[in-house]
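# Coordinate inspection notes
Now for the letters of each chain:
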Amino acid sequence: MNNTKAYSAAGATSPLASTKINRRDPTEHDVQIEILFCGVCHSDVHQVRNEWSSVMPTVYPIVPGHEMVGRVTRIGRAVAKYKPGDLAAVGCMVDSDGNCPHCQSGLEQFCPNMILTFNSPDRHLGGVTYGGYSETIVVDERFVLRVPPNLNLAGAAPLLCAGITTFSPMRRWGVTKGRKVGVVGLGGLGHMAVKFAHAFGAHVVVFTTSPGKKADALRLGADEVVVSRDANEMQKHTGSFDFILDAVSAHHDINAYINLVRPDGTITIVGAPEKPLAVSAFSLLIGRRNLSGSLIGGIKETQEMLDFCGKHNITADVEVIPIQKVNEAYERLLKADVKYRFSIDMASLKSE
Ligand SMILES: [Zn+2]
Ligand SMILES: [Zn+2]
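If you're wondering where the values come from, they're calculated on a predicted model, not measured in any experiment.

### Focus: the layout of surface pockets
In this model, the second largest pocket occupies a volume close to 270 Å³. Forming the walls of the second largest pocket are 21 residues, and the residues nearest its centre are Arg-24, Val-94, Asp-122, His-124 and Val-138. Counting only elements with at least two residues in the lining of the second largest pocket, the list comes to strand E6 (93-95) and strand E8 (136-140).

Written out as C-alpha cells, the structure is:
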C-alpha cells in the first residue's frame, strides 16, 4: 500500500533515509498536492531527534517537514477552492475540529484537537501524520493555502512556518509605519522578521552578537544594527522600542531587551530556549511592559501573510538543496551555517 516516496528517520539517532509511505486517496474535501519545495525548520531537527520528548514524544518512523509549496494534482468531489494545476501550500497544521472557540476565531493553532503536519495522530490512516519530505501530501482544503504566482517557490516554502511565526505577532502588536521595532537574532525567523517589519514601514533595529552580520542585516531591511555585547550601544536604546521580537532559541539574558521596550510596549518570544529564561520583575514593572509569546498563526492570517508577501515580493533567503543533502543540512543548521533557510528541491526525490 505504500505509494509515496519520502525521507524518514527510524530513530532518534538515525539519519534521514529514503523510504516509502502511504498517502490516502483524496476524500470529498481533500486536495492532493505534488510537493515542489519543502523548507527545513529547526523543529524538524528537534523532533527527528526526539528532543521535545517531554511535550510531544516522537513516533518513529518520522517524516518531518511543514513548509511546503507545490501544485494541486487531484481534488475531492466537494473541493471548491482549488483545481488541478493550482499552486498550493501547506504549513504546520493539517486539521482541527473547526468548532471550538479558537477555530471559530481563526486561531486553529490553539485548537485542542489540532493535527500537526507530522508526528500527530492520523485520523484517516491511523498511526501518525507524515510531513513534507515526500513527493505528495493529501490535506483537507481548509488547511491548504494559495501561493501568489509571482513568488519564487523555493523561497516561498519557509513562509509557511518562519514567515507566519514572525508576521503574526507583529500584526497582533500593531507594528506599522513609524513604529520602532527590534529583532533579536538574525536566523531563519529573524531574517523574516526584518523583512516584514521593513515592509510594514517600521524603523527596524537588529540585535546581533556577531558584528559580521551587520552588512547583511542592512541588506535585509534593517535601519540600524546593534551589537548586543556592546553595553554602551544597548544603553542608548533604553525604553525606546514599541515592539521587540525575540527569535533566539539559545539561552540568553532577556532582561537586556525588556529594558529597551517603552512604557506599555511589548516584547514577544518566538524562539524556544531549552531552559527557562530568568525574568526580572522590575524590568516588567518599570514601564508596565508586556512580555508575551506567539505560536505560528491561524489559517486566515497565514493566507493574509502569503498575500502580503505576493504584494511586496517577500520570500525567505534560501539555500536550495537536494533531499540527499538533508542530514548534512541539519548539522549546518545547528551551527547557524545557512543564509537563512534550507529549502529542499523535492524533484531530487524522484531519483530515489
Ligand atoms: Zn517550523
Ligand atoms: Zn478547534
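Now that the structure has been shown, the text picks up again.
### Points about the coordination of the zinc ion (ligand 2)
By definition of the ideal shapes, four donors in a tetrahedron about a metal sit 109.5 degrees apart, and six donors in an octahedron sit 90 or 180 degrees apart. Looking at the metal site, the zinc ion (ligand 2) is ligated by Asp-97 (OD), Cys-100 (SG), Cys-103 (SG) and Cys-111 (SG), spaced 2.1 to 2.3 Å from it. If you look at the zinc ion (ligand 2), its four donor atoms make angles of 100 to 117 degrees with each other, and the shape they trace is tetrahedral. Positions of the donor residues of the zinc ion (ligand 2), expressed as sequence spacing, correspond to D-x2-C-x2-C-x7-C. Given the relative accessible area of 9%, Cys-100 is considered buried.

### Topic: the packing of aromatic side chains
Geometry of an aromatic ring pair is reported as the spacing of the ring centres plus the angle between the planes. Scanning the model with the defined rule gives seven aromatic pairs in all. Ring plane angle 45 degrees and centroid distance 5.7 Å describe the contact between Phe-167 and Phe-200, whose orientation is recorded as tilted. Of this pair, Phe-167 sits in helix H4 (residues 162-172) while Phe-200 sits in the loop between helix H5 (188-199) and strand E11 (203-208); the two residues are 33 residues apart in sequence, bridging distant segments of the chain. Accessibility assignment for this pair places Phe-167 and Phe-200 in one class, buried. When the centroid spacing of 5.6 Å and the interplanar angle of 55 degrees are considered together, the rings of Phe-207 and Phe-241 count as tilted. With a gap of 34 residues between them, Phe-207 in strand E11 and Phe-241 in strand E13 (residues 241-246) connect regions that are remote in the sequence. What makes Phe-207 buried here is its relative accessible area of 1%.

About the thresholds
- Residues numbered from 1 in each chain as written.
- Chains lettered and ligands numbered in written order.
- Predicted model: local features only at pLDDT ≥ 70, side-chain atom pairs only at ≥ 80, totals over all residues.
- Heavy atoms only, no water.
- 1 Å grid on protein atoms, 1.4 Å probe; cavity = no way out; pocket = protein on both sides within 12 Å on 5 of 7 lines; lining within 4 Å.
- Points joined across faces, edges and corners; volume = space filled by probe spheres on them.
- Helix = DSSP H or I, 4+ residues; strand = E, 2+ residues; numbered from the N terminus.
- Donors = N, O, S within 2.8 Å, 3.2 Å for Na, K, Ca; no water.
- Tetrahedral: all angles 85-135°; square planar, octahedral: opposite > 155°, others 65-115°.
- Buried < 20%, exposed > 50% of the residue type's maximum accessible area, 1.4 Å probe, protein only.
- Phe/Tyr/Trp six-rings, centres within 6.5 Å; stacked < 30°, edge-to-face > 60°.

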